[in-house]
Protein chains: 2
Amino acid sequence: MSNKAGIPQGTRDFNAVTVQKRQYIFQTIRTVFELYGFQPLETPAMENLDTLMGKYGEEGDKLIFKILNNGLDNPAKKDQIIADFDKILEGKNNKGITERALRYDLTIPFARYVAMNYGQLTMPFKRYQIQPVWRADRPQKGRYREFYQCDADVVGSHSLLNEVELTAIYATVFQRLQLPVEIRLNSRKILAGLAEQCGGLDLMVPITVAIDKLDKIGLEKVKEELLQKGLSQSQIDLIEQYLNIQGDHTQKLAQLTTLMGNNPTAQQGIDELAYIIQYHQQKTGSTLVIDFTLARGLNYYTGIIFEIKAVGAEMGSIGGGGRYDDLTGLFGVPNVPGVGISFGVDRIYDVLEALQLFPEAVQKGTKVLFFNLGEAESQRAFALMQDLRERGIAAELYHEPSKFDKQFKYAEKKQVPYIVIIGSTELNAGTCIIKNIVSGEQTTISQNDLANQLF
Amino acid sequence: MSNKAGIPQGTRDFNAVTVQKRQYIFQTIRTVFELYGFQPLETPAMENLDTLMGKYGEEGDKLIFKILNNGLDNPAKKDQIIADFDKILEGKNNKGITERALRYDLTIPFARYVAMNYGQLTMPFKRYQIQPVWRADRPQKGRYREFYQCDADVVGSHSLLNEVELTAIYATVFQRLQLPVEIRLNSRKILAGLAEQCGGLDLMVPITVAIDKLDKIGLEKVKEELLQKGLSQSQIDLIEQYLNIQGDHTQKLAQLTTLMGNNPTAQQGIDELAYIIQYHQQKTGSTLVIDFTLARGLNYYTGIIFEIKAVGAEMGSIGGGGRYDDLTGLFGVPNVPGVGISFGVDRIYDVLEALQLFPEAVQKGTKVLFFNLGEAESQRAFALMQDLRERGIAAELYHEPSKFDKQFKYAEKKQVPYIVIIGSTELNAGTCIIKNIVSGEQTTISQNDLANQLF
């Protein structure tokens, strides 16, 4: 193998089977998005560096793939370029070297698009976007440097009906994928209220950061962390009571109301959850779960937050989202609220694979292979094949008059279910032999009946 | 407008209408590719720099978008990085700065893939690939820095049946797009024969380069160029006779046979064209044209070459391709022959737009907007809407109980054909008002009849 024939770490080639399975996931999600009135948007793979830098935190900035400006091999520019390049080393602006970067997520390009087109868009604006993003993360199992994101957002509306709709989209998509999931809901307002009850909003970050780790490290370690963060035993007790709330929707909300006293922020969050529950229609496969331990790391969420957990699969969240107050402020258009959800397509793929939930029909291949048994025969076969294709049947004619077994092997390797044989005898008789490779069964029929036989 | 909210020169955002029209083109081509037994392949946006450099000529190398390595803001690396950077200025290897680059076309990544997986692939291997590519070209009308390519190739077979199939694919795709085209064919072997008749194969490049310009500069200028290139008057006369060959397929091939005497190379090309013609089935809209003035710039073509011209549109070629002898030699797997075609999707889009050939149905939007007239009303509307969505009807519920005209405007702007109104009267009566926005016609029906009414 030539050492040239490799691909960059953390990237993947997708062969036919994989592409088709991924298309099945994309198409299922796309169809549901459009049933709910969301419209597609596609943005360029590259954005101006300014658009991306500073939006993902210091760590995020480091993981953005930057694109080298062209024309750098121009000696005339050397000094200026070296100077600019020194700036990279100082982490400063470095336009001489790089002005563009690869999309790191779909949210910032969407915000940039909304800001650019704000006047023209019909509000509330509902868009979905299914495109790859690139991150210079350390590649590891299940983490890639190129992967697809699949987002739906509504901007320009504070209405909770949007959260209701997005919850229904999750339920519908996973019902169609026949993948049982828990749709977990919480509200950042409840977490804010908890922080207030603990003594102040300034405690919200340490509290949510600690709660966020509950699945991984367990309650005791969470309490230790809170202690280290300087929370008092009574505060930690309150948080423990909060985390231990159990029961059905009504019981949970009632217990929380009691626990939170009359904290108005928490009460808002509780009312919002109650509103969504009342609208929610149970769909086969999906369960709506109120999960007070759900925190979502991202600080820009301000209201309802979502997370999707596949049932019966060893896998982290396969989707998530939430409400945010200000999408486009960074791009000069303030006060555009919104709410959005995302599907983790790579993880959904792995779960469907593990649970063997991909339908057979997803793998569309050639249905009929015509054997090639000479010039006159293949001309006849070609005409018949074109007729099948006109009727939507994928068909091939073997490319040369090779030995039978060679043509057989080709059909087997490509898992073609039917082969059609037209030798000199059949050519003269106007017939053809049709053989089902799976059953081995074979019959001679009139060439005119071939199409009907295959439907 | 904040100056941050812009996109890089030569890139585009695609809004819903544009995405849907583009999907219509992609889907039409994809469907035909699969009917012909071609299977999808997707490769990463980034390739190793080694994979791409030196494959597109000196000019091409300059137009490759290179990706800056990460971690360059590490002062410890400074000296090494500066040294590496100096190498960029000398146009040398510069791994310290950049090891990856963006895909420049789909052919080289395909070749890289075939070389990497040669043992596993079933030959002949038929793949199609529809993905964006990136080029640091000077942006201008109809030329972008990010654009889609749409290729189908067969590798591992010398059989002319592949050329027959690819010709049929072109005819079928443009028939389905209802776009009249000329499928122009020639053979590099004929051009080689012409060069031999003119005195030697070394004349092939100057001759093809000159002929390639015929459309743009005209016969006289082509002759001047050939003269400057040092061809004799008698050689130029031969080329002029060649370029002036007219008539139907048979006449053209007969005249060429005479003109080329017994030149075996040319005769091979002539026989190959005759073979393809004999298989070709006329499809509505497409005409097969033997075009001896067709040369195709690319030197790696060795046999039949294709070019597609839209009829009745001011537009260059909207597709092209040809046969090549050695796809993967550069990646250590020699002697893999193949033949491929490509569709120029951006140009096809512009032509379909100009000739207004996009079907109405391409623009799928929301079909029904439920007005929001209060909490109880919207809960009823929501239930009805979910029923419509289950049946595949795209529907929306206005996000808040606003004034009638505001909800109307939303429906109009989004071109929603039907609105459904459930006020307190209808709620109690179990009815709803359904209004066709286009005709203005409105009727009150039972809520149970709504779905049937809309089918």
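Thresholds applied
Residues numbered from 1 in each chain as written. Chains lettered and ligands numbered in written order. Predicted model: local features only at pLDDT ≥ 70, side-chain atom pairs only at ≥ 80, totals over all residues. Heavy atoms only, no water. Helix = DSSP H or I, 4+ residues; strand = E, 2+ residues; numbered from the N terminus. Rg over C-alpha atoms; globule rule 2.2 N^0.38 Å. Buried < 20%, exposed > 50% of the residue type's maximum accessible area, 1.4 Å probe, protein only. Contact = heavy atoms within 4.5 Å. Areas by Shrake-Rupley, 256 points an atom, 1.4 Å probe, with all protein chains shown as cover. Lys, Arg positive; Asp, Glu negative; His and termini not counted. Charge placed at Lys NZ, Arg CZ, Asp CG, Glu CD. Least-squares fit on C-alpha atoms with pLDDT ≥ 70 in both. Phe/Tyr/Trp six-rings, centres within 6.5 Å; stacked < 30°, edge-to-face > 60°. Pairing = 2+ DSSP bridges. Axes fitted to C-alpha atoms, helices over the stretch in contact; angles between N-to-C directions. Parallel < 35°, antiparallel > 145°, perpendicular 65-115°, else oblique. Left-handed = near helix turned anticlockwise from the far one by under 90°. Salt bridge = Lys/Arg side-chain N within 4 Å of Asp/Glu carboxyl O. Polar contact = N/O pair within 3.5 Å; in protein donor to acceptor, adjacent residues only side chain to side chain. Domains from an automatic or database assignment. Expected span 1.5 Å × (residues − 1). Bend = angle between axes of the 7 residues up to and from the residue.

## Description of the overall build of chain A
The number of helices and strands found in chain A is 17 helices and 16 strands. By the compact-globule yardstick of 23 Å for 455 residues, chain A is too spread out, its C-alpha radius of gyration being 29 Å. Judged by the C-alpha coordinates and their principal axes, chain A covers about 95 × 70 × 45 Å. A buried classification covers 58% of the 455 residues belonging to chain A. Expressed as a percentage of contacts within chain A between residues at least 6 apart in sequence, the contacts between residues at least 24 apart total 68%. Surface summary for chain A: the accessible area is close to 18700 Å², and the carbon and sulfur share equals 49%. Computed over 49 positive and 54 negative side-chain charges, the separation of the two mean positions in chain A equals 4 Å.

## Concerning the relation of the copies chain B and chain A
Mapping chain B onto chain A is achieved by rotating through 180° and translating by 0.0 Å along the same axis, at an RMSD of 0.1 Å. Taken together, these values place the two copies in the relation of a two-fold axis. Looking at the rotation axis and the C-alpha trace of chain B, the residue lying nearest is Ile67(B), at 2.2 Å. Interface overlap between copies is the fraction of interface residues in one copy that are interface residues in the other; for chain B against chain A it reaches 99%, indicating a shared surface.

## Focus: the packing of aromatic side chains
Scanning the entire structure with this criterion turns up 42 aromatic pairs over all chains. The structure contains a cluster of three or more aromatic residues connected by ring pairs, namely Phe33(A), Phe38(A), Tyr128(A), Tyr170(A), Phe174(A), Phe306(A) and Phe343(A).

## Side note on the sheet that holds strand E14 (residues 418-421) of chain B
Residues and elements named next belong to chain B. Here we have five strands laid out as an open sheet, ordered E13-E12-E14-E15-E16, and mixed in their pairing. Looking at which strands have only one partner, the edges of the open sheet turn out to be strand E13 (395-397) and strand E16 (442-446). On average, each strand axis in the sheet is inclined to that of its neighbour by 25°, with strand direction left out of account. Of the strand pairs in this sheet, strand E12 (residues 368-370) and E14 are connected by three bridges, and their pairing is parallel.

## Quick look at the sheet that holds strand E9 (residues 301-310) of chain A
All names here are of chain A. The sheet built from eight strands is open, its strands ordered E1-E5-E6-E11-E10-E9-E7-E8 with mixed pairing. A strand with exactly one partner marks an edge of an open sheet, and here the two such strands are strand E1 (39-40) and strand E8 (286-290). One ladder, built from two bridges, connects E1 with strand E5 (residues 125-134); its direction is parallel. Across the sheet, residue Gln-39 finds its bridge partner in E5, namely Arg-127. On top of the sheet, helix H1 (residues 16-35) reaches E1, E5, strand E6 (146-155) and strand E11 (338-343); it is set at about 5° to E6, its chief contact.

## Focus on the packing of helix H14 (residues 375-390) of chain A against helix H6 (residues 161-176) of chain B
Angle between the axes and distance between the axes are the two parameters that describe a pair of packed helices. The contact between H14(A) and H6(B) brings their axes to 13 Å, and the two run at 30°. Judged by the inter-axis angle, H14(A) sits roughly parallel to H6(B). Of the two possible hands of crossing, H14(A) and H6(B) adopt the one that is right-handed. Across the interface between the two elements, Phe382(A), Met385(A), Gln386(A), Arg389(A) and Glu390(A) from H14(A) touch Val164(B), Glu165(B), Ala168(B), Gln175(B) and Arg176(B) from H6(B).

## What to know about the interface of chain B and chain A
Facing 106 residues of chain B, the contacting portion of chain A comprises 106 residues. The interface formed by chain B and chain A includes eight salt bridges. Residue Arg389(A) pairs with Glu165(B) through a salt bridge whose shortest N-O separation is 2.6 Å. Here chain B is connected to chain A by 42 residue pairs in polar contact (both at pLDDT 80 or more).

## Side note on the environment of Ala168(A)
The topology assignment puts Ala168(A) in helix H6 (residues 161-176). Distance from Ala168(A) to Gln281(A), taken between C-alpha atoms, is 7.7 Å for residues 113 residues apart in sequence. Ignoring anything within four residues of it in the chain, the contact list for Ala168(A) reads Tyr36(A) and Gln386(B).

## Section: the pattern of salt bridges
Counting across every chain of the model gives 44 salt bridges over all chains. Its salt-bridge partner being Glu353(A), residue Lys21(A) comes within 3.0 Å of it at the nearest N-O pair. With Lys21(A) in helix H1 and Glu353(A) in helix H13 (residues 345-354), this pair connects stretches of sequence that are 332 residues apart. Of the residues examined, Lys21(A) reaches a relative accessible area of 9% and is grouped as buried. On the accessibility criterion, Glu353(A) (34% relative accessible area) is partly exposed. The partner of Glu34(B) in a salt bridge is Lys364(A), and the shortest N-O contact between them spans 3.4 Å. Here Glu34(B), found in helix H1 (residues 16-35), pairs with Lys364(A), found in the loop between H13 and strand E12 (368-370), and the two come from separate chains.

## Things to note about the domain arrangement of chain A
Considered domain by domain, chain A is made up of domain 1 (16-44 + 103-354) and domain 2 (365-454). Relative placement of domain 1 of chain A and domain 2 of chain A: their C-alpha centres are 52 Å apart.

## Overview of helix H9 (residues 214-228) of chain A
All names here are of chain A. A rise of 1.5 Å per residue sets the reference length of H9, with its 15 residues, at 21 Å; its end C-alpha atoms lie only 16 Å apart and thus fall more than 12% short of the reference. Considering bend angle alone, the principal kink of H9 is centred on Glu-220 and spans about 75°. Those residues of H9 hidden inside the fold are in contact with helix H8 (204-212) and helix H10 (233-243). Positive phi shows up at Gly-230, right after H9, with a value of about 95°.

## Quick notes on the side chain of Thr107(A)
Residue and element names in this part refer to chain A. Relative to the assigned elements, Thr-107 resides in helix H5 (residues 107-117). Judged by its relative accessible area of 18%, Thr-107 is buried. Excluding residues within four positions of it along the chain, Thr-107 makes contact with Asp-151 and Leu-327.

## Some details on the environment of Arg188(A)
Residue and element names in this part refer to chain A. You can see Arg-188 is positioned in helix H7 (residues 188-198). The class of Arg-188 is buried, set by a relative accessible area of 4%. For the pair Arg-188 and Thr-302, spaced 114 residues apart in the sequence, the C-alpha separation amounts to 5.5 Å. Reaching out from Arg-188, the side chain makes a polar contact with the backbone oxygen of Tyr-301 at a distance of 3.3 Å.

## Re unusual backbone geometry
Residues apart from glycine generally show negative phi values, whereas peptide bonds are mostly found in trans. In this structure, the amide linkage connecting Met123(A) to the following residue, Pro124(A), adopts the cis form with an omega of -5°. Mapped onto the elements, Pro124(A) comes out in the loop between H5 and E5. Notably, Gln178(B) is not glycine yet its phi reads approximately 55°, a positive angle. Tracing the backbone through its elements, the reader meets Gln178(B) in the loop between H6 and strand E7 (181-187).

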